Amino acid sequence: MDLAGRVKRSIGIPLGFVGRLNEPWIADMAIEQGCADVAFVGRALISDPEFPNKAMTGKDSEICPCIGCLRCLATVNADGAVCCTMNPKAGRESAFAAADEKATHRKKILVVGGGPAGLTCAARAAERGHAVTLMEQKEQPGGRMYVAGFPPFKHDLAKGTKYLIERAKRAGVACVTARATIENVRAGGFDCVVLAVGSTPVIPGFLKGAEHLVSAEDASLGNASVGKNVVVVGGGQVGCETADLLIHPYPDMGARSRRVTIIEMDAIPLRAEKTAARALLIERLQKKGCRILTGAGVERVSGRELYYKKDGASHKLEGIDTVIAAVGMAQERRTAEELGDLPVPIYEIGDVVNLCQAIGDGYALAEKL
Ligand SMILES: Cc1cc2nc3c(=O)[nH]c(=O)nc-3n(C[C@H](O)[C@H](O)[C@H](O)COP(=O)(O)OP(=O)(O)OC[C@H]3O[C@@H](n4cnc5c(N)ncnc54)[C@H](O)[C@@H]3O)c2cc1C
Ligand SMILES: Cc1cc2nc3c(=O)[nH]c(=O)nc-3n(C[C@H](O)[C@H](O)[C@H](O)COP(=O)(O)O)c2cc1C
Ligand code: SF4
């Protein structure tokens, strides 16, 4: 913004500014402080086309925030059609325009699971006129989207989670903190049940011999202690972002910072990440001294030692304080099995892959209920 101000003062003609002016106050500030004459807004209009109207009417807190994930750009580049993580209607306006704004019959609906899929489904169903109860077993709603907001540069996800929670509350969803069981669901007398129970971390058997084994989720949330010499098993998004969180952000900490090794069986880390965030994250990890071993298959962990194979040869890492499991998630099936006998329709939504799919699933189902 300072650079824009310097350019504006030196060229003497009106200047527009663009780039992450994704909250009305930031755009106001750019103009008030003389950095620009016009504030241009890009992605924040994809995540919420009503951004200017809400800003003008003082409804800033109701703006669906752009979380900066760059999925829109990745999808435009891949197939020309825009997709937005936070706004399932973006690029599919005509498909959703045909849906009724209000449901024809008001139903009593239970949504189980307060992750992004469940929150979105509950909010949209209530906006359409249904009486909706959302049951989440944890005190903190948001599911894994809440965890995803902890690593460096991911704080915009926390804004996204807050928005989904607030939207559900504004729509009149009754939020209950409880684990859904056959007893409490039966007692509620619901017309239908939506299962949005997400997934749980996979802890493979070959890691179980570790002296101190922690899931990436617990490490990120501070639910478990993490030592100084750390090996993160899995170099996908979760593993790399957890490593980024665990290594001290200041390079001048040098030898006093945690020592983190990521071990990944694929030849390249973060293969599934298609946005510019991939290169930025890898560069940041390297600068912070994180060791990334690729093409390395973990065979077993015993106490403080980890045995792996790379290029046909066996190797060992020693003196490990904490092994962090970041090898993927498995769909949560327990709730579906427990509620399988209910005499009402049960819908399953949400996924183990990404927020875009989870939020999109929740929205699409709510339009049909
Ligand atoms: C560390 C981390 C970082 C991530 N980063 C990204 C990212 O940057 N971008 C991206 O697109 N995706 C990311 N993901 C993936 C994304 O978070 C998930 O795809 C998404 O959260 C799935 O949403 P969901 O609603 O289906 O399930 P979840 O988020 O898993 O939510 C399910 C909820 O159901 C609750 N529940 C389960 N059983 C019951 C029951 N019986 N009763 C009541 N409640 C129950 C759980 O407590 C949980 O809150 C990340 C995941 C992790 C773990
Ligand atoms: C889906 C998408 C498509 C874009 N296409 C172009 C483009 O064709 N030419 C261009 O100069 N910038 C393009 N941009 C960049 C935007 O104009 C803007 O500079 C950028 O998104 C930063 O602003 P923002 O933070 O408000 O989104 C595109 C951005 C997005 C998200
Ligand atoms: S896809 Fe992500 S970056 Fe693009 S507008 Fe939506 S929330 Fe913002």
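Treat the numbers as computed from the prediction; the structure is a model and nothing was measured.

### Quick look at the sheet that holds strand 13 (residues 305–310)
So, point 1. The sheet built from three strands is open, its strands ordered 12-13-14 with antiparallel pairing. Every other strand in the sheet has two partners, leaving strand 12 (296–302) and strand 14 (313–317) as the edge strands with one partner each. Across this sheet, the average inter-strand angle for adjacent strands is 25 degrees, counted without regard to direction.
So, point 2. The pairing of strand 12 with strand 13 spans six bridges and is classified as antiparallel.

### Examining the site of ligand 1
So, point 1. As a structural note, the neighbourhood of ligand 1 is formed by 37 residues, with Gly 113, Gly 115, Gly 143, Gly 198 and Gly 350 the closest of them.
So, point 2. When residues of the shell around ligand 1 are traced back to their parent elements, those giving at least two are helix 7 (116–127), strand 4 (131–136), helix 8 (143–148), helix 11 (216–221), helix 12 (237–246) and helix 15 (355–368).
So, point 3. No other element matches helix 8, which puts five residues into the shell around ligand 1.
So, point 4. Among the domains, domain 2 (100–198 + 332–368) and domain 3 (201–328) are the pair contributing at least three residues each to the shell around ligand 1.

### A word on the pairing of strand 14
So, point 1. As judged from the five bridges shared by strand 13 and strand 14, these two strands associate in the antiparallel manner. Within strand 14, the residue paired with Tyr 307 across the bridge is Lys 316.
So, point 2. Adjacent in sequence and paired antiparallel, strand 13 and strand 14 are bridged by two residues, among which Asp 311 carries a positive phi angle near 50 degrees.

### A few points about helix 15
So, point 1. Under the 1.5 Å per step criterion, the end-to-end length of helix 15 is 20 Å for 14 residues, consistent within 8% with the ideal 20 Å.
So, point 2. Of all 14 residues that make up helix 15, ten are buried, and the element is covered over most of its length.
So, point 3. Within the sequence span of helix 15, burial applies to Leu 355, Cys 356, Ala 358, Ile 359, Gly 360, Asp 361, Gly 362, Tyr 363, Leu 365 and Ala 366.

### Quick notes on the confidence of the model for the chain
So, point 1. On average, residues of the chain score 91 in pLDDT, and 97% of them are at 70 or above.
So, point 2. Put simply, helix 6 (residues 93–97) is where the chain has its lowest mean pLDDT, 80, and strand 4 is where it has its highest, 98.

### Describing the site of ligand 2
So, point 1. Val 18, Gly 19, Arg 20, Leu 21, Val 41, Gly 42, Arg 43, Ala 44, Cys 72, Leu 73, Val 76 and Val 82 make up every residue found near ligand 2.
So, point 2. At the level of elements, helix 3 (43–47) and helix 5 (71–79) are the ones that each hand at least two residues to the shell around ligand 2.
So, point 3. Sorting elements by how many residues they give to the shell around ligand 2 places helix 5 first, with three residues.
So, point 4. For the shell around ligand 2, the residue count by class is eight nonpolar, two polar and two charged.

### What about the packing of helix 7 against helix 9 (residues 155–170)?
So, point 1. Orientation of helix 7 relative to helix 9, taken along the N-to-C sense of each, is 30 degrees, at an axis distance of 8 Å. Considering their axes alone, helix 7 and helix 9 lie roughly parallel with respect to each other. The element helix 7 and its partner helix 9 pack so that their crossing is left-handed. Seen from helix 7, the contacting residues are Pro 116, Leu 119, Thr 120, Ala 122 and Ala 123; seen from helix 9, they are Leu 164, Ile 165, Arg 167 and Ala 168.

### A look at the nonpolar core
So, point 1. Val 111, Val 112, Cys 121, Ala 122, Val 194 and Ala 196 are the most contacted members of the largest nonpolar core, which has 62 residues in total.
So, point 2. Both domain 1 (2–79) and domain 2 (100–198 + 332–368) contribute no fewer than three residues apiece to this core.
So, point 3. In this structure Val 194 touches Ile 109, Val 111, Val 112, Cys 121, Tyr 347, Ile 349 and Leu 365, once residues within four positions along its chain are discounted.

### Let's talk about the environment of Arg 43
So, point 1. You can see Arg 43 is positioned in helix 3.
So, point 2. Considering only alpha carbons, one finds Arg 43 and Cys 84, 41 residues apart in sequence, at a separation of 9.0 Å.
So, point 3. The residues contacting Arg 43, other than those within four sequence positions of it, are Asn 22, Cys 66 and Cys 72.

Procedures and definitions
Residues numbered from 1 in each chain as written. Chains lettered and ligands numbered in written order. Predicted model: local features only at pLDDT ≥ 70, side-chain atom pairs only at ≥ 80, totals over all residues. Pairing = 2+ DSSP bridges. Helix = DSSP H or I, 4+ residues; strand = E, 2+ residues; numbered from the N terminus. Axes fitted to C-alpha atoms, helices over the stretch in contact; angles between N-to-C directions. Near = placed C-beta within 6 Å. Domains from an automatic or database assignment. Expected span 1.5 Å × (residues − 1). Buried ≥ 20, exposed ≤ 12 C-beta atoms within 10 Å, placed from the backbone. pLDDT = per-residue confidence, 0-100. Nonpolar A, V, L, I, M, F, W, Y, C, P; charged D, E, K, R; others polar. Parallel < 35°, antiparallel > 145°, perpendicular 65-115°, else oblique. Left-handed = near helix turned anticlockwise from the far one by under 90°. Contact = placed C-beta atoms within 7 Å. Core = buried A, V, L, I, M, F, W, Y, C linked by C-beta atoms within 7 Å.

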